[in-house]
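So you can see what is in the structure, the chains are spelled out below.
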Amino acid sequence: AGIRPLTVGAFAFASDLRLHYLVWGAALLCLTLALNLVRSGVGRGLAAVAGDEVAAAACGVDTFAAKVKVFVLSAVFAALAGGLYAHGFGFISPETFGIFASVDFVTMVVVGGLGSVWGSLFGVVLLTCLPEWIDRFDSYKEIVHGAILVGVLMFLPQGLVTGLVDLARVRAGGPGGQIDVPMFA
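Thresholds applied
- Residues numbered from 1 in each chain as written.
- Predicted model: local features only at pLDDT ≥ 70, side-chain atom pairs only at ≥ 80, totals over all residues.
- Heavy atoms only, no water.
- Helix = DSSP H or I, 4+ residues; strand = E, 2+ residues; numbered from the N terminus.
- Rg over C-alpha atoms; globule rule 2.2 N^0.38 Å.
- Buried < 20%, exposed > 50% of the residue type's maximum accessible area, 1.4 Å probe, protein only.
- Contact = heavy atoms within 4.5 Å.
- Areas by Shrake-Rupley, 256 points an atom, 1.4 Å probe, with all protein chains shown as cover.
- Lys, Arg positive; Asp, Glu negative; His and termini not counted.
- Charge placed at Lys NZ, Arg CZ, Asp CG, Glu CD.
- Phe/Tyr/Trp six-rings, centres within 6.5 Å; stacked < 30°, edge-to-face > 60°.
- Axes fitted to C-alpha atoms, helices over the stretch in contact; angles between N-to-C directions.
- Left-handed = near helix turned anticlockwise from the far one by under 90°.
- Patch = residues over 30% accessible without salt bridge, like charges linked within 9 Å, V, L, I, M, F, W, Y side chains within 5 Å.
- Salt bridge = Lys/Arg side-chain N within 4 Å of Asp/Glu carboxyl O.
- Expected span 1.5 Å × (residues − 1).
- 1 Å grid on protein atoms, 1.4 Å probe; cavity = no way out; pocket = protein on both sides within 12 Å on 5 of 7 lines; lining within 4 Å.
- Points joined across faces, edges and corners; volume = space filled by probe spheres on them.
- Nonpolar A, V, L, I, M, F, W, Y, C, P; charged D, E, K, R; others polar.

Q: I keep staring at the overall build of the chain and nothing clicks. Help me out?
A: The helix and strand tally for the chain stands at eight helices and two strands. On C-alpha atoms alone, the chain measures out to a radius of gyration of 20 Å, which is more than a quarter above the 16 Å that the 2.2 N^0.38 rule sets for 185 residues. Seen through its principal axes, the chain has C-alpha atoms that stretch 75 × 50 × 30 Å. By the burial criterion, 23% of the 185 residues in the chain qualify as buried. Sequence-distant contacts in the chain: of pairs separated by 6 or more residues, those separated by 24 or more amount to 47%. If you sum the accessible surface of the chain, you get close to 13000 Å²; carbon and sulfur atoms cover 70% of it. The chain carries 10 positive and 12 negative side-chain charges, and their two centres are separated by 9 Å.

Structure below.
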């Protein structure tokens, strides 16, 4: 308790408005970094490691170094978020991030899509705003999140965004999609 607002030199992020701009600026910076990483050669190597580690190693990707880089980057993102959270609320406690919070975070990423930056962002927005949109589900938040998670894993295992984009491609017959045409039409 008693964590003071973040200060940089003489400038303090003491008001909610200043902290709001700092948090959104940090979020946009992290999003930009993540999108650029995914589109780079390193990102393609990481995607190869995620898809098939042996095949990625056979193609010359240093799988151990790639895993360490991802771990360090995720630790940097988590440290930044935790620091902003602590200075924003002025109080941190282990009860704040219990088992249900961890399950919520994993559910958000899985619902949006594990391999998609935009999908993960969509999952966060959806599962954060859902109880606000439907007040009667607020007391059943864990059950609703669990039902959404099971439904997505059963019908769109790659996540909502990736699954719906793939489904639209198949329906439209675009790149990567196939049109179901009878052989003897």
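Q: What is the right way to look at the packing of aromatic side chains in this model?
A: Within a pair of aromatic rings, the relevant descriptors are the distance that separates the centres and the angle that separates the planes. Evaluated as defined, the whole model comprises four aromatic pairs. Here the aromatic cluster, defined as three or more aromatic residues joined through ring pairs, consists of Tyr-85, Phe-89, Phe-97 and Phe-105.

Q: Please explain the packing of helix H5 (residues 99–112) against helix H7 (residues 141–155) as it appears in this structure.
A: The relative placement of two packed helices is expressed as an angle between their axes plus a distance between the axes. The N-to-C vectors of H5 and H7 enclose an angle of 35 degrees; their axes lie 10 Å apart at closest approach. Along this stretch, H5 crosses H7, giving a crossing that reads as left-handed. Residues Phe-100, Asp-104, Thr-107, Val-110 and Val-111 of H5 form the contact with H7, whose own contacting residues are Lys-141, Glu-142, His-145, Ile-148, Leu-149, Val-152 and Leu-153.

Q: I keep staring at a nonpolar patch on the surface and nothing clicks. Help me out?
A: Where nonpolar side chains cluster on the molecular surface, the patch consists of Phe-64, Val-68, Phe-71, Val-72 and Val-76 and spans about 520 Å² of accessible area. Turning to its location among the elements, Phe-64 is positioned in helix H4 (residues 63–89). Residue class for Phe-64 comes out exposed when judged on its relative accessible area of 61%.

Q: I keep staring at H4 and nothing clicks. Help me out?
A: Turn by turn, an α-helix covers 3.6 residues, leaving residues three or four places apart pointing in a common direction. With 27 residues, H4 extends 39 Å between its outermost C-alpha atoms, agreeing within 8% with the 39 Å of an ideal straight helix rising 1.5 Å per residue. Along its buried surface, H4 packs onto helix H1 (16–39), helix H2 (41–51) and helix H3 (53–58). Trailing H4 by a residue or two, Gly-90 shows a phi angle of about 75 degrees, which is positive.

Q: Can you help me understand the layout of surface pockets in this one?
A: Rolled over the atoms, a probe with the dimensions of a water molecule shows which regions are left empty. Volume-wise, the largest pocket comes out at about 2600 Å³. Forming the walls of the largest pocket are 50 residues, and the residues nearest its centre are Cys-30, Phe-77, Ser-120, Leu-121 and Val-124. At the level of secondary structure, the elements contributing two or more residues to the lining of the largest pocket comprise H1, H2, H4, H5 and helix H6 (117–133). It is H4 that provides the largest number of residues to the lining of the largest pocket, a total of 14 residues. A breakdown of the residues in the lining of the largest pocket according to their chemical character gives 37 nonpolar, nine polar and four charged.

Q: Mind showing me how you'd approach the packing of H1 against H6 here?
A: At a closest axis distance of 10 Å, the pairing of H1 and H6 adopts a crossing angle of 145 degrees. Seen from H1, the contacting residues are Leu-31, Ala-34, Leu-35 and Val-38; seen from H6, they are Val-117, Trp-118 and Leu-121.

Q: I'm lost on the pattern of salt bridges in this one. Help?
A: Once their charged atoms are close, side chains differing in charge can pair, the charge on each being opposite to the other. Applying the stated criterion across every chain yields a total of two salt bridges. Put simply, Glu-53 and Lys-67 hold a salt bridge, and the shortest N to O gap is 3.0 Å. Taken as a pair, Glu-53 in helix H3 and Lys-67 in helix H4 lie far apart in primary sequence, 14 residues in all. Residue Lys-67 is classed as partly exposed on the basis of its relative accessible area, which comes to 42%. Arg-169 is the partner of Asp-166 in a salt bridge, and the nearest nitrogen-oxygen pair spans 3.8 Å. Separated by three residues within a single helix, Asp-166 and Arg-169 lie in helix H8 (residues 160–172), roughly one turn from each other.

Q: How should the side chain of Thr-63 be read in this particular structure?
A: In this structure, Thr-63 sits in helix H4. Setting aside chain neighbours within four positions, we find Thr-63 in contact with Val-49, Glu-53, Ala-56 and Ala-57.

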